Amino acid sequence: MSLSPDLRLDFPALDQLVGGKPLVYLDNGATTHKPRSVITAMSRFYERDNSNVHRGLHALSMRATDGFEGARARAARFINAAHAAEIVFTRGTTESVNLVAHSWGNANLRAGDVILTTEMEHHSNLVPWQELARRTGATLRYVPVIGSDGEHGLDLDALERLLTPQVKLFAFTHLSNTLGVLNDAAALCAKARAVGALTLIDAAQSIGHEPIDVQALGCDFLAFSGHKMAGPTGIGVLYGKRALLDAMPPYQTGGGMVVSVTYEGATWKPSPERFEAGTPNIADAIGLSAAFDYLDALGRPAISAHDHALAQHACTALSELPGIRVLGPKSGQPRGGLVSFAFAEAHAHDVVTFADQDGIALRGGHHCNQPLMRKFGLPSTTRASFYVYNTEAEIELLVKSMRRILKFFAG
Ligand SMILES: Cc1ncc(COP(=O)(O)O)c(C=O)c1O
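Conventions and cut-offs
Residues numbered from 1 in each chain as written. Predicted model: local features only at pLDDT ≥ 70, side-chain atom pairs only at ≥ 80, totals over all residues. Domains from an automatic or database assignment. Contact = placed C-beta atoms within 7 Å. Helix = DSSP H or I, 4+ residues; strand = E, 2+ residues; numbered from the N terminus. Nonpolar A, V, L, I, M, F, W, Y, C, P; charged D, E, K, R; others polar. Pairing = 2+ DSSP bridges. Axes fitted to C-alpha atoms, helices over the stretch in contact; angles between N-to-C directions.

(A) Layout of the domain arrangement of the protein chain. Here the protein chain is described as being made up of domain 1 (5–26 + 300–409) and domain 2 (40–296). Between domain 1 and domain 2, the C-alpha centre-to-centre distance is 28 Å. Contacts between domain 1 and domain 2 engage 27 residues on the former and 25 residues on the latter. Elements represented by at least two residues in the side of domain 1 that touches domain 2 include exactly helix 10 (300–319), strand 15 (324–326), strand 16 (338–343) and helix 12 (370–376). The dominant element in the side of domain 1 that touches domain 2, judged by the number of residues it contributes, is helix 10, at 7 residues. Classifying every residue of the side of domain 1 that touches domain 2 by side-chain character gives 12 nonpolar, 9 polar and 6 charged.

Pasting the structure below:
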C-alpha cells in the first residue's frame with residue numbers, strides 16, 4: 001500500500017508560500033511537521049483536561065493521568081516493548097542518552113571497561129559517552145566509518161575486533177543523520193550480546209520512518225524524540241529493559257519519584273516513575289500518543305517504502321550533477337529517507353540560502369557530526385530529508401534548484 005498524496009492536507013504548516021513559492025519542506029531530519037490530530041490532541045488537553053497527574057483525586061487530574069499513562073502504554077505498543085514500565089518519558093533522544101550515561105554508566109563502569117560507539121554518531125550519542133569515560137576512567141572506542149563517496153558504512157571487520165569482553169556498552173545509531181546509512185541494528189545487537197555487552201540504539205532518525213520492534217531488535221536501551229516523528233517537541237522516550245531500569249539509580253531526584261522521604265534520606269519508586277522527577281510533560285506525551293496513532297494508521301512499512309523511494313530518487317538525480325559529492329550509500333543500496341551532499345564550489349549555508357529563495361527548506365552545516373565531517377575533510381554538507389508528505393515532484397524541484405545554484409557558482 002502506498003501513501004496517499006492527500007495526506008499533505010493533514011499538515012496545516014505545509015499550506016504556505018515561502019518567498020511567493022509553495023513551501024517544499026525537506027528538513028525533516030531536523031524536525032517534522034505535525035498533523036492536525038496531534039495539534040488537536042494537545043489543545044483538547046489544555047482546553048478540557050488540564051491538571052497535574054498522579055497525585056490528584058479529582059476528575060480532571062484523573063483524566064490527565066489516564067491520558068499520560070495511556071500515552072506510555074501507546075509508546076510501548078508502538079515499539080513492541082514487553083511492558084509500559086519500560087517506557088521512560090524524557091525531553092528527547094539527547095536526554096534519554098544522558099540518562100543512561102549518568103544513571104547506568106556512573107554505577108556500572110570503571111577503569112578497564114570499554115564503551116563502544118561509532119564514528120557516525122550525532123553529538124548526542126557521542127559527547128555523553130566521552131564524558132562518562134572521563135568520569136569513570138573507562139575507555140571510549142569508535143567503530144570506523146569506511147568507504148569512499150557514495151559508499152560509506154560501518155567497518156564490520158573492525159567491529160569484530162573491537163567487540164572484546166571488556167566492552168560493557170555498544171551505543172550506535174540506527175539511521176545516520178548525515179550519511180543516510182541504515183544500520184542492521186538487530187545484527188549489531190546480536191554481535192554485542194555475544195560478548196556480554198549491553199546495547200543502546202539511537203533511533204532519533206529511524207523512529208518515525210522504519211518499523212521498530214525492540215524485542216526483535218534485541219536491544220537493551222533505545223532512545224528517540226517525538227518531534228522527529230510527527231509529534232511535539234520537548235517529549236521523547238527512553239526504552240529500557242525492565243530489570244535494567246529497576247536496578248539503575250535515579251537520574252534526577254524530587255517529587256513524584258519517591259516512595260518515602262525523611263529528613264535523613266529517601267527511597268525510590270521503581271521504573272518508570274523513578275526517572276521522572278517533577279511534573280512531567282503531560283500535554284506533549286498526549287500529543288506524542290496521537291502521533292503514534294497517526295503513523296500506525298498510515299502503516300509503517302508504507303512510510304518506510306515511501307521515504308526510501310524518495311531518497312533513492314534524490315540520490316540518483318543529485319549524483320548525476322557535476323560538482324556535487326553525495327555521501328552515504330550509493331544509488332541502489334539501502335538508504336534511509338535522507339541525502340547529504342557537498343558542492344565543490346559552494347558552502348552549504350549558501351546552498352540553503354539559495355534554495356530558500358525557491359521555497360525549499362534544507363539544512364546545511366555539520367549536522368552535529370563534527371568529527372565525521374573532519375574525517376571527510378568537509379566543513380559542511382547540505383541535507384535533504386524526506387517524510388510522508390513529500391512527493392516525487394518536490395524532488396524534481398530540489399534538483400532544479402540545485403542546478404540553478406551550480407550554474408550561479410560556475411559563474
Ligand atoms: C541521529 C540523531 N541522534 C540524536 C539526535 C538528537 O535529538 P534531539 O535533539 O531531539 O534530542 C538527533 C537530532 O538531530 C539525531 O539526528
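We are not done yet, so read on.
(B) The arrangement of the sheet that holds strand 19 (residues 381–385) in detail. One open sheet holds the 4 strands; their spatial order is 15-16-19-18, and the pairing between them is antiparallel. Every interior strand has two partners, whereas the edge strands, strand 15 and strand 18 (363–365), have only one. Here the average twist between neighbouring strands, direction ignored, is 30°. The strands that helix 10 touches are strand 15, strand 16 and strand 19; relative to strand 16, the one it contacts most, it runs at about 15°.

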